[in-house]
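# Remarks on the overall topology
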Amino acid sequence: MVLQKLVFSLLKYYYCIKFTALLFIGFLIKGRGLFEKKHREKPSVLEGWDSRYIKLKKVRLHYVQTGSDDKPLMLFIHGYPEFWYSWRFQLKEFANRYRCVAIDQRGYNLSDKPKPVESYAADELVGDVRDVIEGLGYKKAVVVAHDWGGLVAWKFAEAYPEMVDKLICCNIPRPGAFRRRLQSSWSQFRKSWYMFFFQNKRIPELLSTADDMKMLEGAFRGEMGIRNKKNFTDDDLEAWKYSFSMNGASFKYPINYYRNIFNNSSGSSKDIVLEMPTLIIWGTADGALDIEAAEDSLKTLRNGTMKKVLGASHWVQQDEPEQVNQHISEFLIFFACLLAVSAFSIAQDGVKGHSMTWTKVESKGNEMSNSQMPHLRQKRWYGGFGGPFGWGWRRPFWGWRRPFWGYRRPFYGGWGMPFGGYGYPFWGR
């Protein structure tokens, strides 16, 4: 522990000296213009959204909503350095099925910005998520998160599992799995340099704002940036700069998240086993996080699965929104069907303690499982002997050469099929 703290301190001051020198060189070249703050008009891409506020117990948060208030809640939590707009593709996609709410976390954009560094500790952020769900009139939500928002979502799921209907995390492993990877892998240790740099005061903020926030352009358009350039336009970049420079916004408050990351309250290397259906979506070209930590995370997910988006960057939900939206839709539909099947089975057969547990990772066609899901034996999200929508052998969404029905039983039944028994529509025998 002492050695670890010594290493962290050395890295902290190394990066402080390194980037202070770079800022000094930049100042010699550009003078005061290096830190000139430009006045910005609100970009057109931020117009036309349903922008709202919610007063929580400690802060007031800004959020953008799509979908009507009477639908189930899908809550989106962004990462660093982002804001609600990073979910623009998902907000449009799921509005017809959910009340989609994308928040600005505290310290970001139009949300409140408490001054104390301690106000950005993980427990405070988790409390915000709880208060948002309750404040909007819900007992639970489908939680979708990315990067730092994912870390908050993981911790929220541990603290309030009854409030998470389903959990979807994009390019963020579980905290304990990440910590183990950080301590054991040179690859991850090297990629995490910024975490040590952000422990310094003022210098990270100066670097982030220098040269008209050049850092943002590097993050989203540089080597580890978004691959599909059409999904991050000049207007999108301007929206980012606007959100980090106007309305009292600053990089100081988001960076405070990192200044709490090594404290004792979030220092456990063990992840609690989660029971709720969980989907990890992973862009395989992530330049900040090793995929091994995500794969390790599956070991503590009772109903977890992982979908890889080949070639996508760390900003996966913006880089490949079509694939991400498809994975989310299939995940939600599958578990909705499974719940219906289980409900029919329990109601008809009187089965008690009917367990639904499944862990799967798509990697070279192999599956990782803690226990086999009822009626789904080592097959994919469809088919299989007694699989949802049919009795098939690796046949998606249909039975044994019988589309959308069981064994010679149109739209129902078949031997032991979901929604039917021996030829009885929508129920067992």
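For every chain, the first residue of the written sequence is number 1, and numbering continues from 1 along that sequence. Where local features are concerned, this predicted model is filtered to residues with pLDDT of at least 70; where side-chain atom pairs are given and counted, the filter is 80 or more; whole-chain, interface and lining totals use all residues. As a convention, hydrogens and water are excluded, and side-chain values are obtained from all of the structure's heavy atoms.

One speaks of a salt bridge when a side-chain nitrogen belonging to Lys or Arg is within 4 Å of a carboxyl oxygen belonging to Asp or Glu. This model, assessed by the stated rule, comprises 26 salt bridges. Measuring nitrogen to oxygen at the nearest pair gives 3.2 Å for the salt bridge that ties arginine 181 to aspartate 290. You can see arginine 181 sitting in helix H5 (residues 175-184) and its partner aspartate 290 sitting in the loop between strand E7 (274-283) and helix H11 (291-297), a full 109 residues away along the chain. For aspartate 290, a relative accessible area of 4% gives the class buried. Notably, a salt bridge pairs glutamate 275 with arginine 302, separated by 3.5 Å at the nearest N-O pair. In this pair, glutamate 275 is assigned in strand E7 and arginine 302 in strand E8 (residues 301-309), connecting sequence segments 27 residues apart. Each of Lys38, Arg40, Asp212, Glu238 and Lys241 takes part in salt bridges that share partners, so that together they form one network. Under the DSSP-based scheme used, a helix requires at least four consecutive residues in state H or I and a strand at least two consecutive residues in state E, with every element numbered from the N terminus. For the exposure calls, accessible area comes from a 1.4 Å probe over protein chains only, and a residue counts as buried if that area is under 20% of its type's maximum, exposed if over 50%, partly exposed in between.

Right, let's get into the pairing of strand E4 (residues 99-103). Strand residues, when the strand is regular, have side chains that alternate between the two faces of the sheet. Burial runs high along E4: 5 of the 5 residues are buried. Strands are labelled as partners when DSSP assigns at least two bridges between them. Pairing geometry for strand E2 (residues 60-66) and E4, over 4 bridges, is antiparallel. Looking at the pairing, valine 64 lines up with alanine 102 of E4. As paired strands, strand E3 (residues 73-77) and E4 are joined by 5 bridges and run parallel to one another. If you follow methionine 74 over to E4, its bridge partner there is cysteine 100. When the strands point away from the viewer and the connection leading from the first strand across the helix to the second strand turns clockwise, the crossover is called right-handed. Assessed by its sense of winding, the connection that carries the chain from E3 through helix H2 (residues 88-93) to E4 is right-handed.

UniProt positions are given in the numbering used here, feature names are shortened, and annotations may be inferred rather than shown by experiment. Taken from the UniProt record, the annotation "transmembrane region" (unreviewed entry) applies to residues 12-29. Each end of residues 12-29 is marked by a C-alpha atom, and these two atoms are 26 Å apart; helix forms 100% of the span and strand 0%.

All right, on to the environment of glutamine 4 then. By secondary structure assignment, the location of glutamine 4 is in helix H1 (residues 2-30). As for glutamine 4 and glutamine 183, which are separated by 179 residues in sequence, their C-alpha atoms are 9.3 Å apart.

The next thing to look at is the pairing of E2. Within E2, 6 of the 7 residues are buried, which leaves it mostly tucked inside the rest of the structure. As defined by bridge partners, strand E1 (residues 50-55) adjoins E2 across 6 bridges and the pair is classed as antiparallel. By the bridge assignment, lysine 55 is partnered in E2 with arginine 60. Joining the antiparallel neighbours E1 and E2 is a turn of 4 residues.

We now examine the packing of aromatic side chains. To pair, rings of Phe, Tyr and Trp, with the six-membered ring standing in for Trp, must have centres within 6.5 Å; the planes then decide the type, stacked if under 30 degrees apart, edge-to-face if over 60, and tilted in the middle. Per the stated rule, a full pass over the model turns up 39 aromatic pairs. A ring pair is formed by phenylalanine 19 and phenylalanine 197, whose centres lie 4.6 Å apart and whose planes are at 45 degrees; its orientation type is tilted. Taken together, the positions of phenylalanine 19 in helix H1 and phenylalanine 197 in helix H7 (residues 193-197) put the pair 178 residues apart, joining distant regions of the chain. Like phenylalanine 19, the residue phenylalanine 197 is buried in the burial classification. Ring plane angle 15 degrees and centroid distance 4.6 Å describe the contact between phenylalanine 244 and phenylalanine 251, whose orientation is recorded as stacked. Cation placement over rings: the criterion is NZ of Lys or CZ of Arg within 6 Å of the ring centroid and within 35° of the ring normal. One Lys or Arg, arginine 60, reaches over the ring of tyrosine 53 and ends 4.0 Å from the middle of that ring.

To continue, consider the packing of helix H8 (residues 203-221) against helix H9 (residues 234-243). Fitted lines through C-alpha atoms serve as axes, helices being fitted only where they are in contact, and the angles separating the N-to-C directions of these axes extend from 0 to 180 degrees. Across the interface, H8 lies against H9 with an axial gap of 10 Å and an inter-helix angle of 130 degrees. With respect to their mutual orientation, H8 and H9 come out oblique. Between H8 and H9 the crossing geometry is right-handed. Here Asp212, Met213, Leu216, Glu217, Phe220 and Arg221 of H8 lie close against H9, whose contacting residues are Asp234, Leu237, Trp240 and Lys241. The cut-offs work like this: below 35 degrees is roughly parallel, past 145 is roughly antiparallel, 65 to 115 is roughly perpendicular, and the gaps in between are oblique. Two helices cross in a left-handed way if the nearer one is turned anticlockwise from the farther one by less than a right angle. They cross in a right-handed way if the turn is clockwise. The criterion used for residue contact is that any of the two residues' heavy atoms lie within 4.5 Å.

A separate point is the state of the cysteines. In what follows, a disulfide is any cysteine sulfur pair within 2.5 Å. Taken as a whole and assessed by the stated rule, the structure comprises 0 disulfides. Cysteine 169 carries a free sulfur, and the closest cysteine sulfur to it, the one in cysteine 170, is 7.5 Å from it.

Moving on, we come to the packing of helix H3 (residues 122-135) against helix H4 (residues 148-159). Where H3 contacts H4, the axes come no closer than 9 Å and their chain directions differ by 75 degrees. Compared by their axis directions, H3 and H4 come out roughly perpendicular. For the pair H3 and H4, the contacting residues are Ala122, Leu125, Val126, Val129, Arg130 and Ile133 in the first and Trp148, Val152, Lys155, Phe156 and Ala159 in the second. Per-class residue counts for the contact of H3 with H4 are 9 nonpolar, no polar and 2 charged. Ten residues, namely Ala, Val, Leu, Ile, Met, Phe, Trp, Tyr, Cys and Pro, are considered nonpolar, four, namely Asp, Glu, Lys and Arg, are considered charged, and the remaining ones, Gly among them, are considered polar.

Within H9, 7 of the 10 residues are buried, leaving the element largely enclosed by the surrounding structure. When we look at burial in H9, the residues that qualify are Asp236, Leu237, Ala239, Trp240, Lys241, Tyr242 and Ser243. Where H9 is buried, its residues contact H2, H8 and helix H12 (316-319).

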